[in-house]
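Each chain, written out:
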Amino acid sequence: MKEVTSLLFLQNVMLICSWSLDDVCDADDIKCKNPQILTPGEITYGQCYRHAALRRLLKVSFLTCLKECMKTSTCSNVSYRRDWKMCDINGNINSEMELVQEHGCFSSNISSWSKKLVACATQSCAEGYRCAVKGEEITCEIAWNRLRKMLIHVGENLDTSNTELCGQFIGPAVSGQVIITPCNTLPKGHLVKLTSVNTVPTVFHLTEVEVYGVE
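Residues numbered from 1 in each chain as written. Predicted model: local features only at pLDDT ≥ 70, side-chain atom pairs only at ≥ 80, totals over all residues. Heavy atoms only, no water.

Novice: Would you mind going over the overall build of the protein chain in detail, with residue names and values included?
Specialist: Scanning the protein chain from terminus to terminus reveals three helices and 10 strands. Listing the helices and strands of the protein chain from first to last along the sequence gives α-α-β-β-α-β-β-β-β-β-β-β-β. A buried classification covers 33% of the 215 residues belonging to the protein chain. Residue pairs at least 24 apart in sequence account for 59% of intrachain contacts in the protein chain once pairs closer than 6 positions are excluded. (Helix = DSSP H or I, 4+ residues; strand = E, 2+ residues; numbered from the N terminus. Buried < 20%, exposed > 50% of the residue type's maximum accessible area, 1.4 Å probe, protein only. Contact = heavy atoms within 4.5 Å.)

Here it is as structure tokens:
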């Protein structure tokens, strides 16, 4: 009787630990399929948030997407497009942020995942920073900056000297903000150039850009 009880217990343990993320990971991505945690978080398929991204990462796995969210201050959710391997690190979700139906996209609240995914998950960092492990020390490093000033030029090539200034945005921007910049004139061209103007050169992230012209 003891042997039967032990066997049943062993089967239950194996069942708990044998889950994987096959449906959201690439076939050859073993680490993504089998992260070192006991249970997965909640995943919503076919729906993603718009106008919520703090950062956008390209060519990363779903597991990396989750880890980066957990490291990044104020990240509460990820939206992941598997076909593009594109990860949106989303800030705090509010009523202004749109949850849309999108084939091939899925989202997940980071609070539903185990903090064991990253070693520095319990580290508290200021807004715009992410935790990082440096040897035996856990620190905070810059993850993203608010857009403070942006110039919009229109022309036939990317050389600013050959383009016309359409308008500008004076920030700082806030999370999820939709920036609308009408042109002061009617410049001609098939290229639109966005230039971030800051005291320190940094990459800025825009979730979407839409351009409307007149004939």
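Next, the rest of the story.
Novice: Explain the sheet that holds strand E2 (residues 53-58) residue by residue, including any values.
Specialist: Ordered in space as E1-E5-E3-E4-E2, the five strands form an open sheet in which the pairing is antiparallel. Strands at the two margins of the open sheet, each flanked by one partner only, are strand E1 (44-50) and E2. On average, adjacent strands in this sheet sit at an angle of 40 degrees to one another, irrespective of strand direction. As judged from the five bridges shared by E2 and strand E4 (residues 86-90), these two strands associate in the antiparallel manner. (Pairing = 2+ DSSP bridges. Axes fitted to C-alpha atoms, helices over the stretch in contact; angles between N-to-C directions.)

Novice: Residues and numbers for the sheet that holds strand E8 (residues 149-155), please.
Specialist: Taken in spatial order, the three strands make up an open sheet running E9-E8-E10, and their pairing is antiparallel. The open sheet is flanked by strand E9 (163-170) and strand E10 (191-196), the only strands paired with a single partner. Strand-to-strand, the axes of this sheet are offset by a mean angle of 20 degrees, without reference to chain direction. In the sheet, E8 pairs with E10 via six bridges, with the strands oriented antiparallel.

Novice: Describe the pattern of salt bridges, listing the residues and the values that go with them.
Specialist: For the structure shown, the criterion picks out eight salt bridges. Close ionic contact of Asp 88 with Arg 56 constitutes a salt bridge, the shortest N to O distance being 2.7 Å. Taken together, the positions of Asp 88 in strand E4 and Arg 56 in strand E2 put the pair 32 residues apart, joining distant regions of the chain. For Glu 68, the salt bridge goes to Arg 130, with nearest N and O atoms at 2.8 Å. With Glu 68 in helix H3 (residues 62-71) and Arg 130 in strand E6 (residues 129-134), this residue pair connects regions lying 62 residues apart in the sequence. Considered together, Glu 68 and Arg 130 belong to a single accessibility category, that of buried residues. (Salt bridge = Lys/Arg side-chain N within 4 Å of Asp/Glu carboxyl O.)

Novice: Before we move on, could you go through the nonpolar core and cite the residues and values that matter?
Specialist: Side chains that are nonpolar tend, in soluble globular proteins, to be buried together. The biggest cluster of nonpolar side chains holds 25 residues, and the ones touching the most others in it are Phe 62, Trp 113 and Leu 117. Broken down by secondary-structure element, the contributors of at least two residues to this core are H3, strand E3 (77-81) and E4. Beyond its immediate stretch of four places on either side in the chain, Leu 117 contacts Pro 35, Ile 37, Leu 63, Leu 66, Lys 67 and Met 70. Membership of the second largest hydrophobic core comes to seven residues, among which are Leu 147, Ile 152, Val 154 and Phe 169. (Core = buried A, V, L, I, M, F, W, Y, C linked by side-chain atoms within 4.5 Å.)

Novice: Explain the confidence of the model for the protein chain to me, using residue names and the numbers behind them.
Specialist: Here the protein chain shows a mean pLDDT of 81. Residues at 70 or above account for 86%. Ranking the helices and strands of the protein chain by mean pLDDT puts E3 first, with 95, and helix H1 (residues 2-17) last, with 38. Across residues 1-19, confidence stays below pLDDT 50; counting only partners more than four residues off in sequence or on other chains, it has nine contacts. (pLDDT = per-residue confidence, 0-100.)

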